[in-house]
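Now for the letters of each chain:
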Amino acid sequence: MTAAQRINIGLSRVPAWPLYILGVIPPAWFLYQGLTGGLGAEPIKALEHKLGEFALQVLIVVLAVTPLRTWTGINLTKFRRALGLLTFFYVFLHLLVWLVLDVQILSQIWADIIKRPYITIGMVGFILMIPLAMTSNNRSLRKLGPKTWKRLHQLTYVTAILGAVHFVMLSKGFQIEPLVYLGIVIALVATRIKLPVRRAVA
Amino acid sequence: MAGRYKSDLKWSDVTPKGDYMNRRQLMAGAGALALGSIAGPAMASLGAKKTSYGRGLELNSFEDITSYNNFYEFGTGKDDPARNARGLTTDPWSIQVDGLVDRPGNYDLGDLTKGITLEERIYRFRCVEAWSMVVPWVGFELADLLARVGVQPSAKYVAFETLVRPEEMVGQRRPTLDWPYREGLTISEAMHPLTIMATGLYDEPMPNQNGAPIRLVVPWKYGFKSIKSIVRITLADKRPPISWQMANGREYGFFSNVNPTVDHPRWSQATERRIGGGLFAKRVPTLMFNGYEKEVAGLYAGMDLTVNF
């Protein structure tokens, strides 16, 4: 038995549902830090950035599931739905902090979404996640059929790229960290690109 | 020329010194426990001249001012400078003065500022990122320093450069900006009584993360104009390049006066958030020229501020 098979057998005994509970801990911890001075002199931006960055990190894990299975045989697929929904939850909180704590002013929120390209891109990324979150359940999978469902969920690639671009666009000066995130996301999405396969001519 | 400017922010309205000194002592105690010693010597009072002030705002705490900094030479995170600037050597320190001056040279900081009267200047500080503080700077007017070196009549601009020392300034090991950090003012801006060279804050020597040992403070401009840890001052007849304009000329202009009606391309400048208000701090309107319109608007008479941003 290979190491990957042993890992998969071990993982088969681990349920996915505790992720939904564990996943609440990081944002709760960030919020606690923000309320108690742990995020520094300006906790609003710090909380916003922490949530956004964490969402991107979890999304990268989601994108890594398939290549990990292809290359190492380790199968984390059963955790992917929970991680995907958590990503949506974190992005939603990130947006909420931006709306309620950061910008605060309704007219300015709308102006920002339209006028500021990095915010427009972030918003589009979030909106594209809504149908994914809504169909992340077995009923939708059955209703849509695996083919349609899979096509729909390929929007994840677009969302991930938009999220990473959003991060690159909001940084000042030449900063390496957001570019590293963008590079990782592009590399993971690139693993999905199938080289043209020769098909039998009808 | 100490005392030319009367601030509308006043000492009696701000955090009582006893309060923040108590906090400092607590911090010093905690620091001593944690690190073994260092906090003591930094508490030396500069004995800056107190000036009479009018109606005022509330000062930010020493902790806020020294823990939330943009000083990319030490990293891009707001808490990076406080962590990474400890090892900066600020003594000896010399400043090269060159260009259109009568007495150019490489001056020791002590010689250049010998006998100069330090005064307290409580200023609003507005970052281009739409946050703000109120800081009790200690310093002297840039005009005093320029008078010492003798500005030639043909000089139209003053250019400044920050130290480049990647061994001590870890952020300079990355090309975040084209080092050295560069800034500049017109000669009339430089000579304005509000424009100071600051060597301390809260009556203590300038903390490293705030631009030790000497920095510029131009309170009606966005914070990045107030260049830190200055090692070169050049008088010129042509407008000098400045770092943020070099990095992104669409977003940052030479003047960079605080102006609520001219947005940064990526965010509005109409409002700002005062540091220190916690997680539920409300935004407040940004004031034209950061509240110094009365004093400085004349410098820009007839100028289109949306073009010369």
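### Side note on helix H3 (residues 25–35) of chain A
Residues and elements named next belong to chain A. Of the residues making up H3, those classed as buried are Pro26, Pro27, Phe30, Gln33 and Gly34. One face of H3 carries all of its buried residues, which in axial projection span an arc of 120°. Buried residues along H3 sit in contact with helix H2 (18–22), helix H4 (43–72) and helix H5 (77–103).

### Quick look at the interface of chain B and chain A
Contact with chain B, which involves 29 residues of that partner, is made by 27 residues of chain A. Between chain B and chain A, the buried area comes to about 2,300 Å², and carbon and sulfur atoms account for 54% of it. Its largest share of buried area at the contact with chain A, chain B owes to Arg266, Arg273 and Leu279 of chain B, together 32% of the area lost on that side. At the boundary of chain B and chain A, one finds 6 salt bridges. The shortest N-O distance in the salt bridge between Glu129 of chain B and Lys172 of chain A comes to 2.8 Å. Applying the counting rule to chain B against chain A returns 16 residue pairs in polar contact (both at pLDDT 80 or more).

### Focus: empty space enclosed by the protein
All names here are of chain B. As enumerated under the stated definition, the model contains 1 cavity of 30 Å³ or more in all. Approximately 360 Å³ is the volume found for the largest cavity. Together, 26 residues line the largest cavity, and Asn70, Phe71, Gly223, Phe224 and Lys228 are the ones closest to its centre. Considering every element that reaches the lining of the largest cavity, the biggest residue donor is strand E4 (residues 131–141), with 4 residues. Considering only residue class, the lining of the largest cavity consists of 16 nonpolar, 6 polar and 4 charged.

### Quick notes on the sheet that holds strand E2 (residues 105–108) of chain B
Residues and elements named next belong to chain B. With mixed pairing, the 5 strands of this open sheet are ordered in space as E2-E1-E10-E5-E6. Only two strands of the sheet have a single neighbouring strand rather than two, namely E2 and strand E6 (182–186). Strand-to-strand twist across the sheet, computed as the mean angle between neighbouring axes with direction ignored, equals 20°. Pairing analysis gives 6 bridges linking strand E5 (residues 157–162) to strand E10 (residues 230–236), with the strands arranged antiparallel. Bridging from a neighbouring strand, Ala159 pairs with Thr234 of E10.

### A few points about the packing of helix H7 (residues 117–134) of chain A against helix H10 (residues 155–170) of chain A
All names here are of chain A. For the pair H7 and H10, interaxial distance at closest approach is 8 Å and the crossing angle is 155°. For the element pair H7 / H10, the angle class is roughly antiparallel. Read as a crossing pair, H7 and H10 show a hand that is left-handed. Contacts from Pro117, Tyr118, Ile121, Gly122, Val124, Gly125, Leu128, Met129, Pro131 and Leu132 of H7 reach H10 at Leu155, Thr156, Val158, Thr159, Leu162, Val165, His166, Met169 and Leu170. Classifying every residue of the contact of H7 with H10 gives 14 nonpolar, 5 polar and no charged.

### A look at the side chain of Glu48 of chain A
With respect to the helices, strands and loops of the structure, Glu48 of chain A is situated in helix H4. Glu48 of chain A has contacts with His94, Val97, Trp98 and Asp102 of chain A, leaving out every residue within four places of it along the chain.

### Some thoughts on unusual backbone geometry
Between Trp179 of chain B and the following residue, Pro180 of chain B, the backbone shows a cis peptide bond with an omega angle of 0°. In the segment running from Ala212 of chain B into Pro213 of chain B, the intervening peptide bond is cis, with an omega of -5°. For Gln104 of chain A, which is not glycine, the phi torsion reads 65° and is therefore positive. As for its placement among the helices and strands, Gln104 of chain A is situated in the loop between H5 and helix H6 (106–115).

### Looking at the nonpolar core
Within the largest apolar cluster, 78 residues are counted, with the highest numbers of intra-cluster contacts made by Trp137, Phe160, Leu216 and Ile233 of chain B. Among the elements that line this core, the one with the most residues is E4 of chain B, at 6 residues. Apart from the residues within four sequence positions on either side, Ile233 of chain B is in contact with Ile95, Gln96, Val97, Asp98, Leu145, Val158, Ala159, Phe160 and Met197 of chain B. Core analysis: the next-biggest nonpolar cluster, separate from the first, contains 34 residues, Tyr90, Val91, Phe126 and Val185 of chain A among them.

### Re the packing of H5 of chain A against H7 of chain A
Residue and element names in this part refer to chain A. It is at 10 Å that the axes of H5 and H7 come closest, and there the two elements cross at 140°. With respect to H7, the element H5 is oriented oblique. For H5 against H7, the interelement crossing comes out left-handed. Together, Leu85, Thr87, Phe88, Val91, Phe92, Leu95 and Trp98 of H5 and Ile119, Met123, Phe126, Met129, Ile130 and Ala133 of H7 make up the contact between the two elements.

Calculation rules
- Residues numbered from 1 in each chain as written.
- Chains lettered and ligands numbered in written order.
- Predicted model: local features only at pLDDT ≥ 70, side-chain atom pairs only at ≥ 80, totals over all residues.
- Heavy atoms only, no water.
- Buried < 20%, exposed > 50% of the residue type's maximum accessible area, 1.4 Å probe, protein only.
- Helix = DSSP H or I, 4+ residues; strand = E, 2+ residues; numbered from the N terminus.
- Arc of directions from axis to C-beta.
- Contact = heavy atoms within 4.5 Å.
- Buried area = accessible area lost by both parts, 1.4 Å probe.
- Salt bridge = Lys/Arg side-chain N within 4 Å of Asp/Glu carboxyl O.
- Polar contact = N/O pair within 3.5 Å; in protein donor to acceptor, adjacent residues only side chain to side chain.
- 1 Å grid on protein atoms, 1.4 Å probe; cavity = no way out; pocket = protein on both sides within 12 Å on 5 of 7 lines; lining within 4 Å.
- Points joined across faces, edges and corners; volume = space filled by probe spheres on them.
- Nonpolar A, V, L, I, M, F, W, Y, C, P; charged D, E, K, R; others polar.
- Pairing = 2+ DSSP bridges.
- Axes fitted to C-alpha atoms, helices over the stretch in contact; angles between N-to-C directions.
- Parallel < 35°, antiparallel > 145°, perpendicular 65-115°, else oblique.
- Left-handed = near helix turned anticlockwise from the far one by under 90°.
- Core = buried A, V, L, I, M, F, W, Y, C linked by side-chain atoms within 4.5 Å.

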